[in-house]
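What follows is each chain in one-letter form.
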Amino acid sequence: MDEALEAAELVAESELEGVVTWLLRVVGLLAVVAGVGLWLFTEMGFLVLPALLITVGLVLVVAPTVLLALAQLG
């Protein structure tokens, strides 16, 4: 967790904070859409991959904001 906070602090100190945050959000949204697409439009009996994609996508949408806020507090 310390390494993630250090990386977030490095990004927060640079001028690329907004770019990195939005890039991670876009990747997260693409992962959510891919997971929902796999779940709805394929006949997968094994639903671990779509659930994993949706979960990772949601984490990528929320985590940058939380990590950057923690880095700015510290």
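This is a predicted model, so every value here is computed, not measured. (Residues numbered from 1 in each chain as written. Predicted model: local features only at pLDDT ≥ 70, side-chain atom pairs only at ≥ 80, totals over all residues. Heavy atoms only, no water.)

Draft legend 1. Fine view of the packing of aromatic side chains. Evaluated as defined, the whole model comprises 0 aromatic pairs. The ring of Trp22 has Arg25 lying over it, and the distance from NZ or CZ to the ring centre is 4.7 Å. (Phe/Tyr/Trp six-rings, centres within 6.5 Å; stacked < 30°, edge-to-face > 60°. Lys NZ or Arg CZ within 6 Å of the ring centre and 35° of its normal.)

Draft legend 2. The side chain of Thr21, seen in detail. Within the secondary structure, Thr21 is located in helix H2 (residues 17-41). Filtering out sequence-adjacent residues up to four positions away, Thr21 remains in contact with Pro64 and Leu68. (Helix = DSSP H or I, 4+ residues; strand = E, 2+ residues; numbered from the N terminus. Contact = heavy atoms within 4.5 Å.)

Draft legend 3. Geometry of H2. Over its 25 residues, H2 extends 36 Å from the first C-alpha to the last, a length consistent with the 36 Å expected when each residue adds 1.5 Å. Among the residues of H2, those classed as buried are Thr21, Arg25, Gly28, Ala31, Val32 and Gly35. (Expected span 1.5 Å × (residues − 1). Buried < 20%, exposed > 50% of the residue type's maximum accessible area, 1.4 Å probe, protein only.)

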